[in-house]
Each structure stands twice: as C-alpha cells, then as structure tokens.
Amino acid sequence: MATVMATGNADMEIAAVELVNPRPDANVVMIGCGPGVGVVAAARRAPNGSVIGLDPSAVMVERTRTRCRRARLEHLTRVERAAAESLPLTDRSQDAVVSVNNIQLWSDRSVGLDECVRVLAPGGVVVVLLHTWAIPNALPNDEWVTQLSADLSARDVRVEPPQTRRFRSGPAMVLLGRMAE
Ligand SMILES: C[S@@+](CC[C@H](N)C(=O)[O-])C[C@H]1O[C@@H](n2cnc3c(N)ncnc32)[C@H](O)[C@@H]1O
C-alpha cells in the first residue's frame, strides 16, 4: 500500500508543497504523510527550515524515515507517529500545515482543525488535498467542501475558493487557507 501511495499520489503531495511555496527557512508539517514523498519535497524547498512528517502508522513512519535518509535529508526532517487530532508541536510553530488524502480519516475533524490552527504561525498556510472520490458521502461533495471551508473560516483562516484539479490518480479537491496575521 505504501508503495502504491508513493507512486500513485506523488503528484498530489508535490502539488501541495508547491502550493505552500515554502521559504527556504520555513517550518512545514505534513500530516498523514504516508510514505513521505511530500516530506522530501518540502525539505528540498526549505533547506534552512524544518519539515515534520506525522502519521499514526508505524509502517508509514518507517517508510518516510527511509525516504528521508536515502534523500540525505535526515538533518532537515523529523518523522513521528501522531494523528491530526493530537499534533506533537508547539503553538504557532509552523509556517505551513499540509494534509493530503487523510482528512477523511481523522476521527474528529473539528479537533484536528483546532490542532492545525493551534500550531500555525500568524500568516501561515494550511493546504488540504483530497481525492473527490474519497470525500465522505454523508453530504454531496460540494456541500462537504463548503462546510470544510466554513469550518476553517470560523477559525480565523482566510480560505481561497476551493478548486478541483486532476491528478494522475483522479480528480481532487484543493483547498488553501491563510491564518490571520
Ligand atoms: C491514503 S493515505 C495518504 C498518504 C499520503 N498523504 C498520500 O497522499 O499518499 C492516508 C494516510 O493517513 C494516515 N492517517 C490515518 N488516520 C489519520 C489521522 N487521524 N491523522 C493523520 N493521519 C492519519 C494513514 O496512516 C495513511 O498513511
């Protein structure tokens, strides 16, 4: 599964990092990092910063650590077992919070969003990508995306109009928001 994600979703992870457009000294956290493609991509863009990869799966954490080691980026990266609902990060410590293909798996989205906002520095960005076919079907897709935007806006995040972009593995919702300064 990790290998399938590393190839099938690589373009989404890389697109998310491009949307963040990190400064060279940025601190970036990749939530639900899976096999770590985005962690490596972010670390290459932030050679004077830090990139934290978090995933509750021990297998994914090990895959990400191996990917970082092979890319010789261990010194810029930290990879830990953790879920979105309890981020092992201090308040306002991150310039960007990224979630690709995992927000639908969070056990409590409200708590997870609270955590994202807690760790974001003023002016920091949150980027969420999710395959449209993975959007929970409790609501029609557009309503689910509108609700997510509203949930972020209610937390002082200025959300850009969500987009749907086509990736190798299919269409995905792309959402970018910025914390108030
Ligand atoms: C479909 S994979 C996506 C991995 C990678 N971001 C990608 O797009 O290839 C979902 C990942 O989310 C992780 N995950 C599951 N529950 C999570 C949670 N509550 N918080 C953060 N990540 C979670 C899983 O362990 C898994 O690695």
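To keep things clear, this report deals only with the structure shown in the data block. Predicted model, so just to flag it, every value in this text is computed and none were measured.

Attention now goes to the site of the ligand. Around the ligand, the structure places 21 residues, and the nearest of them are Asn 9, Gly 32, Gly 34, Asn 101 and Asn 102. Per-class residue counts for the shell around the ligand are 11 nonpolar, 7 polar and 3 charged.

On to helix 6 (residues 141–153), then. Counted at 1.5 Å a residue, the expected span for helix 6 with its 13 residues is 18 Å, and the 18 Å between its end C-alpha atoms agrees. Of the residues making up helix 6, those classed as buried are Val 145, Leu 148 and Leu 152. Along the long axis of helix 6, the arc covered by the buried residues comes to 60°, so they all point the same way. Opposite the buried face of helix 6, at more than 90 degrees from it, the exposed residues are Glu 143, Ala 150 and Ser 153. Along its buried surface, helix 6 packs onto helix 5 (109–119), strand 5 (120–131), strand 6 (157–159) and strand 8 (170–179).

Here we come to the pairing of strand 3 (residues 77–80). Burial of strand 3 is one-sided: the residues Thr 77 and Val 79 facing one way are buried, the residues Arg 78 and Glu 80 facing the other way are not. The handedness of the strand 2 (residues 50–54) to strand 3 crossover, carried by helix 4 (residues 58–70), is right-handed.

What follows concerns the environment of Arg 168. Topologically, Arg 168 is positioned in the loop between strand 7 (163–167) and strand 8. Judged by C-beta crowding, with 10 C-beta atoms within 10 Å, Arg 168 ranks as exposed. A sequence separation of 161 residues divides Arg 168 from Thr 7, and the C-alpha atoms of the two residues are 9.5 Å apart. The residues touching Arg 168, leaving out its near neighbours within four places in the chain, are Gly 8 and Asp 11.

Conventions and cut-offs
Residues numbered from 1 in each chain as written. Predicted model: local features only at pLDDT ≥ 70, side-chain atom pairs only at ≥ 80, totals over all residues. Near = placed C-beta within 6 Å. Nonpolar A, V, L, I, M, F, W, Y, C, P; charged D, E, K, R; others polar. Helix = DSSP H or I, 4+ residues; strand = E, 2+ residues; numbered from the N terminus. Expected span 1.5 Å × (residues − 1). Buried ≥ 20, exposed ≤ 12 C-beta atoms within 10 Å, placed from the backbone. Arc of directions from axis to C-beta. Contact = placed C-beta atoms within 7 Å. Right-handed = clockwise from strand over helix to strand, strands pointing away.

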